[in-house]
Amino acid sequence: MSAPSAGSVVLGIESSCDELAAAIVRDGGTVVGSVVHGQDAVHRPYGGVVPELASRDHVAAVSQVVAAALDEARLELDAITGIAVTAGPGLLGSLLVGLSFAKALAFQRDLPLVGVHHLAGHLAAAELVDEALRPPYLGLVVSGGHTALYRVEADRAPALLGETRDDAVGEAFDKVAKLLGLPYPGGPALSRIAEKGDATAVDFPRPLAEQAGLDFSYSGLKTAVAHEVARRQPLDGRDVADLAASFEAAATDVLVARSRRALEQEGLGRLAVVGGVAANRRLRAELAAAAARQGFHLAVPPPALCTDNAAMIAAAGTRLLARGERHGWELTAASRVALDAEAFYSGPAR
Ligand code: KG4
Ligand code: ZN
């Protein structure tokens, strides 16, 4: 808990993709209520997120989800001292629902409002649960839209060290799951099936593994899986499990290897891994083993704080508010905005 946020009770709202989430964080460090309304059933028939359907469902859900988070926290709106909302990046229509609701509430209750960068939120989740995670540290963001390494500093915006040149790792999980005929949402389903498979069944390429630099690439791996799927038609249960396990091993090996290289190159001893793919059990186990072997500090939030949630937005927003930042009614959503852009920067408090 940092002193400037003592006494704060911040409402966070997150609606950047297909989850509408609201949460309340007290004193910058304690989650007292957190509700996530997912839309898997809405998008399942289409095998992926349909933006128009996502924003319509957000409109229907937003006030109930905020009310449910307040209920869980046993608080009335009167207790809230500030509002934090994801302002980008994400689906524009989805972002605008949370942002408009947050603005209206801030206006009505005369509360300070801040827009938070979605990835600053993901990184804040690691700091929220791990007191020992102090900047400078390496942040690995692995989600459906991002695969990137950042150097996180106390007093300036995170510096991008490397990112994917094509697909995000979560996107690769989702696409490979589809190729294997697994139900939407693909990532978690693939990871469950992979536990029954042989990760050494197919030696898929570890993209860019031999090359210098800290970038990632996942489209070649996805294509390699597509070729193997075509070669083995028709797939039986064992094929699906073995291909899932072999893909998962290739996808996660690269993340561990790149993180180790970045820690070394940057002279850092702490690593935070955040975003939906950080919920992956194999990745968590491999990272823990690497941390034990190499002696670096590893911070990975519990799975519910890895996938999209609003506690991370409230936590990141608390720091902005404690620094005296306020966004006016001109604050608007941005579908693409770099984390190192000043716009929604929300750096660590310590
Ligand atoms: O952070 P997140 O909830 O939303 C974005 O900001 O994108 O991440 C969602 C991504 C999806 O691609 C999903 O398939 C993936 O995270 N994901 C997983 C697991 N749980 C979620 N991927 C692999 N294993 C998991 N257990
Ligand atoms: Zn996310």
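For the structure, check the block above.
Residues numbered from 1 in each chain as written. Chains lettered and ligands numbered in written order. Predicted model: local features only at pLDDT ≥ 70, side-chain atom pairs only at ≥ 80, totals over all residues. Heavy atoms only, no water.

(A) Representation of the coordination of the zinc ion (ligand 2) in the model. At this site the zinc ion (ligand 2) is bound by His118 (NE2), His122 (NE2) and Asp308 (OD), with donor distances of 2.1 Å. Counting the intervening residues between successive donors of the zinc ion (ligand 2) yields the motif H-x3-H-x185-D. One end of the pair, His122, is in helix 4 (residues 118-129); the other, Asp308, is in the loop between helix 10 (303-306) and helix 11 (311-322), and 186 residues separate them in sequence. Residue Asp308 is classed as buried on the basis of its relative accessible area of 15%. (Donors = N, O, S within 2.8 Å, 3.2 Å for Na, K, Ca; no water. Helix = DSSP H or I, 4+ residues; strand = E, 2+ residues; numbered from the N terminus. Buried < 20%, exposed > 50% of the residue type's maximum accessible area, 1.4 Å probe, protein only.)

(B) Representation of the side chain of Thr86 in the model. By the secondary structure assignment, Thr86 is in strand 4 (residues 82-88). Looking at Thr86, its side chain comes within polar contact range of the side chain of Glu14, at 2.6 Å. Excluding anything up to four places from it in sequence, Thr86 contacts Ile13, Glu14, Ser16, Leu95, Val116, His118 and Ile313. (Polar contact = N/O pair within 3.5 Å; in protein donor to acceptor, adjacent residues only side chain to side chain. Contact = heavy atoms within 4.5 Å.)

(C) Region of the structure containing the sheet that holds strand 3 (residues 30-37). Strand order across the open sheet formed by 5 strands is 3-2-1-4-5, with mixed pairing between neighbours. Across the chains shown, the open sheet's two edge strands, defined by having one partner strand only, are strand 3 and strand 5 (113-117). Averaged over all pairs of adjacent strands, the angle between their axes in this sheet comes to 20 degrees, without regard to strand direction. Relative to strand 3, strand 2 (residues 20-26) runs antiparallel, the two being bridged by 7 bridges. Residue pairing across strands places Ala22 opposite Val35, the latter belonging to strand 3. Its contacts with the sheet put helix 2 (residues 51-73) on strand 1 (9-14), strand 2 and strand 3, and the angle it makes with strand 3 is roughly 150 degrees. Its contacts with the sheet place helix 4 against strand 1, strand 3, strand 4 and strand 5, and it is angled at close to 90 degrees to strand 5. (Pairing = 2+ DSSP bridges. Axes fitted to C-alpha atoms, helices over the stretch in contact; angles between N-to-C directions.)

(D) Structural view of the packing of helix 5 (residues 169-179) against helix 7 (residues 219-231). Axis separation between helix 5 and helix 7 bottoms out at 10 Å; the angle between their running directions is 10 degrees. With respect to helix 7, the element helix 5 is oriented roughly parallel. Of the residues in helix 7, those in contact with Lys175, Val176 and Leu179 of helix 5 are Lys222, Val225, Ala226 and Val229. Looking at the contact of helix 5 with helix 7, its residues break down into 5 nonpolar, no polar and 2 charged. (Parallel < 35°, antiparallel > 145°, perpendicular 65-115°, else oblique. Nonpolar A, V, L, I, M, F, W, Y, C, P; charged D, E, K, R; others polar.)

(E) Main features of the sheet that holds strand 9 (residues 270-274). Read from one edge to the other, the open sheet built from 5 strands follows the order 8-7-6-9-10, with strand pairing classed as mixed. Looking at which strands have only one partner, the edges of the open sheet turn out to be strand 8 (159-163) and strand 10 (297-299). Pairwise comparison of adjacent strand axes, ignoring direction, gives a mean angle of 20 degrees for this sheet. Relative to strand 7 (residues 147-152), strand 6 (residues 137-142) runs antiparallel, the two sharing 6 bridges. Opposite Val142, over in strand 7, you have Thr147 as the bridge partner. In the packing of helix 4 onto the sheet, the strands contacted are strand 6, strand 7 and strand 9, and the crossing angle to strand 6 comes to about 120 degrees. Those strands touched by helix 8 (residues 237-266) are strand 6, strand 7, strand 8 and strand 9, and its axis lies near 155 degrees from that of strand 6.

(F) The arrangement of the state of the cysteines in detail. Enumeration over the complete set of coordinates arrives at 0 disulfides. The structure places no disulfide on Cys17, whose sulfur is separated from the nearest cysteine sulfur, that of Cys306, by 16 Å. (Disulfide = S-S within 2.5 Å.)

(G) Summary view of the packing of helix 4 against helix 11. The geometry of helix 4 relative to helix 11 is characterised by a closest axis approach of 7 Å and an angle of 90 degrees between their N-to-C directions. Relative to helix 11, the element helix 4 is oriented roughly perpendicular. Contacts between helix 4 and helix 11 involve His118, Ala120, Gly121, His122, Ala124, Ala125, Glu127 and Leu128 from the first element and Ala311, Met312, Ile313, Ala315, Ala316 and Arg319 from the second. Residues of the contact of helix 4 with helix 11, tallied by class, amount to 9 nonpolar, 3 polar and 2 charged.

(H) Looking closely at the pattern of salt bridges. As enumerated under the stated definition, the model contains 20 salt bridges in all. Here Asp167 and Lys222 are joined by a salt bridge, their closest N and O atoms 3.1 Å apart. With Asp167 in the loop between strand 8 and helix 5 and Lys222 in helix 7, this pair connects stretches of sequence that are 55 residues apart. Owing to a relative accessible area of 9%, Asp167 belongs among the buried residues under this scheme. Between Arg206 and Asp203 there is a salt bridge; the shortest N-O distance is 3.6 Å. (Salt bridge = Lys/Arg side-chain N within 4 Å of Asp/Glu carboxyl O.)

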